[in-house]
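Geometric and topological summary
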Amino acid sequence: MSVSLTPGSLTRLLGEWNVGAAPAYRELADVVRLLILDGRVALDVALPSERSLAATLGISRTTVTAAYALLRDQGFLSSGQGSRSRSCIPSQGPAHAGGPDGALRLSGAPGLAVPDGILDLAYAPLPASGEVVHRAFAAALTELPALLPGFGYDALGVGRLREAIAAQYTAAGVPTTAGQILVTSGAQHALNIVLRTLAGRSGTKVLVEHPSYPNALDAIRAAGCRPVPVAMPVAAPNGTAQRGTARNAGGHDGTLHTSAGGWDLDAMESALLQQRPAMAYVVPDFHNPTGRLMPDSQRRRLVKAAAASGTVLVADETLRELNLDGAGSAPMAAFSAAVVSLGSLSKSHWAGLRTGWIRASEPLIQRFAAARTTLDLGGPVVEQLAAAHLVNAIAEPLPARLAALRENRDTLLDLVREHLPGWEPERPDGGLSLWCRLPAPISTALAVVAPDVGIRLAAGPRFGVGGAFEQYLRLPFTLPPEQLKTAVLALRAAQDRLEASPQLRRELAGRRDLTGPPAVAIA
């Protein structure tokens, strides 16, 4: 049955929308967009006609026409010839994302088309280490003919790649054989295999850090599991980690640090003992989104606590190579043979490789391989041959990439301090992004208005459970310095717009009780 909204009903939902902070049509479009995003205007609901809404609001029809046109352009309204506009959510980016031929132009973000000219701050990976990757594929093509007589299916992965990965673990102090490696199509694929094997029953508990990687949280929920979040200590200006809320103390530059251990091991031990989750998913090496490195002393405690509770500890090590400050740490598996490790070349070399792996005991690897065949029968052979060359020379592209990332990190920290003085970015030990505490709970609102100022954001609540982290935002420093400056100036413009619009702030307060921020692809 078709559902429609009367002019009076929409007017009541709009509240005091026209505060004079922007052109009236834009203010009207902003509030309607927020009403759609937070569910107060359901999807596929017919909005009032332009004429009737204008009469009810006491404004010109031209204003309503322009507001509706803007919402259609952004993908929040759809309408056919002669029919009323209906509410919707953009599924493939705004209508103006197309080129001259009408085809969508992709920005490179997974699963989402983005208009040309938009700087994507929801997407953190680096471009390829070009010459190194190209050389690896050229070598792989010369090796391919020797494998062509075979079937090409291998649920465990090409042998020479598994041997190369095993050698890297052994060199890092974790003796490993090729039989302990399963090659996957990226770390996300690896996590899904592990979830299907270890936590496949609906309602199974999985302990996670809070905040955590959004795509991991999505995979845990999609598997029917229940995340058990354990809060990470809040970074503080004096270089310590606190369980409370960090405030910008007078006299410091706004940058936060965590020199006293970035995880609350007391809380994690308590959660493991009381909840006894089947699995725990952690990112100990340059945690996403905070960039923290777990000290070896905390790794040892966590492994012991997981063993005591009967929990399988899964360590995501995809960012381990991006060690910006040269801090030392042992792989989590160095402390227990029961640890399941996930790795990938996506962050260190190129996300387009889609090559990841699982390291575990041989019996577990056999279980993972059996579960994998319900998803696929193996990975592409050429990519695995190329990946073997990259793993065998894994350090080759890293010095230049790490130097560029250090410069970008420092540039972004300086830009935030200069142009966003109320923000408190945490200085990461490694990884690809800053985790910023905002001066107010405006993360979702910033994400909503961001495209209007030329950027795309992943709101803080995407990194949490139950709507947490509305006062936080992840900012990657993978863009060139000049684009980082453009992005920070755009963030300043978006914040200024919110500060000038009390109605948008009130709409934001209403969003904090909802289950999720605007949908956006994140990596």
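Just so it is clear, the model here is predicted, and its values are computed rather than measured.

**Considering the overall build of the protein chain**
- Of regular secondary structure, the protein chain possesses 16 helices and 18 strands.
- The long-range fraction of contacts in the protein chain, counting pairs at least 24 apart against all pairs at least 6 apart in sequence, stands at 71%.

**A short note on the nonpolar core**
- If you look at the biggest cluster of nonpolar residues, it comprises 45 residues, and the most contacted ones within it are Ile165, Met268, Leu302, Leu313, Met332 and Leu345.
- Mapped onto this core, the elements with two or more residues apiece are α5 (130-143), α6 (159-171), β6 (181-184), α9 (265-275), β11 (279-282), α10 (296-309), β12 (312-316) and α12 (381-392).
- In terms of residue count, the dominant contributor to this core is α12 (7 residues).
- What Met332 contacts, discounting residues up to four positions off in sequence, is Val282, Pro284, Met294, Arg299, Leu302, Val303, Leu313, Ala315, Glu317 and Val339.
- Judged by nonpolar contacts, the second largest core, of 42 residues, contains Leu119, Leu293, Leu438 and Leu484.

**A few points about the pairing of strand β8 (residues 226-231)**
- Strand direction decides the pairing type here: strand β7 (residues 205-210) and β8, joined by 6 bridges, are parallel. Bridge pairing in β8 places Glu209 opposite Val230.

**Points about the packing of helix α13 (residues 398-419) against helix α15 (residues 481-499)**
- Two numbers describe how α13 lies on α15: the axes approach to 10 Å, and their chain directions differ by 25 degrees. The orientation of α13 relative to α15 falls into the category roughly parallel. The hand of the α13/α15 crossing is right-handed. Along its contact with α13, which presents Glu407, Asn408, Thr411, Leu412, Leu415, Val416 and His419, the element α15 presents Pro481, Leu484, Lys485, Val488, Leu489 and Arg492.
- Residues belonging to the contact of α13 with α15 are distributed by class as follows: 7 nonpolar, 3 polar and 3 charged.

**So, the pattern of salt bridges**
- Per the counting criterion, the structure on display carries 27 salt bridges.
- For Arg299, the salt bridge identified is with Asp285, shortest N-O distance 2.8 Å. Of this pair, Arg299 sits in helix α10 while Asp285 is found in the loop between β11 and α10, placing the two residues 14 residues apart along the sequence. Comparing Arg299 with Asp285 shows no difference in burial state: the two are buried.
- Arg292 is the partner of Glu426 in a salt bridge, and the nearest nitrogen-oxygen pair spans 2.6 Å. With Glu426 in strand β15 (residues 424-426) and Arg292 in the loop between β11 and α10, this pair connects stretches of sequence that are 134 residues apart.
- The buried category is assigned to Glu426, whose relative accessible area is 3%.

**Notes on the pairing of strand β16 (residues 433-437)**
- Of all 5 residues in β16, 5 are buried, a share of seventy percent or more.
- What you see with β16 is no split at all: Ser433, Trp435 and Arg437 on one side and Leu434 and Cys436 on the other are buried throughout.
- Once β15 ends, the chain turns through 6 residues before running back antiparallel as β16, passing Gly431 with a positive phi of about 90 degrees.
- Alignment of β16 against strand β18 (residues 472-476), held across 5 bridges, turns out to be antiparallel.

**Observations regarding α6**
- Taking 1.5 Å of rise per residue, 13 residues should cover 18 Å, and α6 covers 18 Å from first to last C-alpha, within 8% of that figure.
- Inspection of α6 places Leu161, Arg162, Ala164, Ile165, Ala166 and Tyr169 among the buried residues, and these make up the whole buried set.
- Looking at the buried side of α6, the elements it contacts are β6, β13 (340-344), β14 (356-359) and α12.
- After α6 finishes, the residue Gly173 shows a positive phi value of roughly 95 degrees.

**Overview of the sheet that holds β18**
- Reading across from one edge, β15-β16-β18 is the order of the 3 strands in this open sheet, with antiparallel pairing throughout. The sheet is open, and its two borders are formed by β15 and β18, each paired with just one other strand. Taken over all neighbouring pairs, the strand axes of this sheet differ in orientation by 30 degrees on average, direction set aside.

**So, the packing of α5 against α12**
- Relative to each other, α5 and α12 sit at 125 degrees, their axes nearing to 8 Å. Judged by the inter-axis angle, α5 sits oblique to α12. Classified by chirality, the crossing of α12 by α5 is right-handed. Of the residues in α12, those touching α5 at Val132, Val133, Ala136, Phe137, Ala139, Ala140, Leu141 and Glu143 are Val382, Glu383, Leu385, Ala386, His389 and Leu390.
- Of the residues that constitute the contact of α5 with α12, the class distribution is 11 nonpolar, 1 polar and 2 charged.

**Overview of a nonpolar patch on the surface**
- Taken together, the side chains of Phe151, Tyr153 and Leu377 define a hydrophobic patch exposed on the protein surface, amounting to about 460 Å² of accessible area.
- When you line up the elements, Tyr153 lands in the loop between α5 and α6.
- Its relative accessible area of 64% is what places Tyr153 among the exposed residues.

**Thoughts on helix α11 (residues 362-372)**
- If you check which residues of α11 are buried, you get Leu364, Ile365, Phe368, Ala369, Ala371 and Arg372. Down the axis of α11, the sector holding all buried residues measures 160 degrees, keeping them to one side.

**Points about the side chain of His349**
- With respect to the helices and strands, His349 occurs in the loop between β13 and β14.
- Note on His349: relative accessible area 0%, which makes it buried.
- Those residues in contact with His349 that lie beyond four places of it in its chain are Pro127, Ala128, Ser129, Leu390, Ile394, Pro397 and Arg401.

**Some remarks on the environment of Gly464**
- Assignment of secondary structure puts Gly464 in the loop between β17 (455-456) and β18.
- Sequence-distant contacts of Gly464, defined by excluding residues within four places in its chain, comprise His210, Leu217, Arg221 and Phe469.

**Topic: the packing of aromatic side chains**
- Across all of its chains, the model carries 4 aromatic pairs by this definition.
- On the basis of an interplanar angle of 10 degrees and a centroid distance of 5.2 Å, the ring pair of Trp435 and Tyr472 is categorised as stacked. Note that Trp435 is positioned in strand β16 and Tyr472 in strand β18, a separation of 37 residues in sequence. The residues Trp435 and Tyr472 share a single accessibility class, namely buried.

The rules we used
Residues numbered from 1 in each chain as written. Predicted model: local features only at pLDDT ≥ 70, side-chain atom pairs only at ≥ 80, totals over all residues. Heavy atoms only, no water. Helix = DSSP H or I, 4+ residues; strand = E, 2+ residues; numbered from the N terminus. Contact = heavy atoms within 4.5 Å. Core = buried A, V, L, I, M, F, W, Y, C linked by side-chain atoms within 4.5 Å. Buried < 20%, exposed > 50% of the residue type's maximum accessible area, 1.4 Å probe, protein only. Pairing = 2+ DSSP bridges. Axes fitted to C-alpha atoms, helices over the stretch in contact; angles between N-to-C directions. Parallel < 35°, antiparallel > 145°, perpendicular 65-115°, else oblique. Left-handed = near helix turned anticlockwise from the far one by under 90°. Nonpolar A, V, L, I, M, F, W, Y, C, P; charged D, E, K, R; others polar. Salt bridge = Lys/Arg side-chain N within 4 Å of Asp/Glu carboxyl O. Expected span 1.5 Å × (residues − 1). Patch = residues over 30% accessible without salt bridge, like charges linked within 9 Å, V, L, I, M, F, W, Y side chains within 5 Å. Areas by Shrake-Rupley, 256 points an atom, 1.4 Å probe, with all protein chains shown as cover. Arc of directions from axis to C-beta. Phe/Tyr/Trp six-rings, centres within 6.5 Å; stacked < 30°, edge-to-face > 60°.

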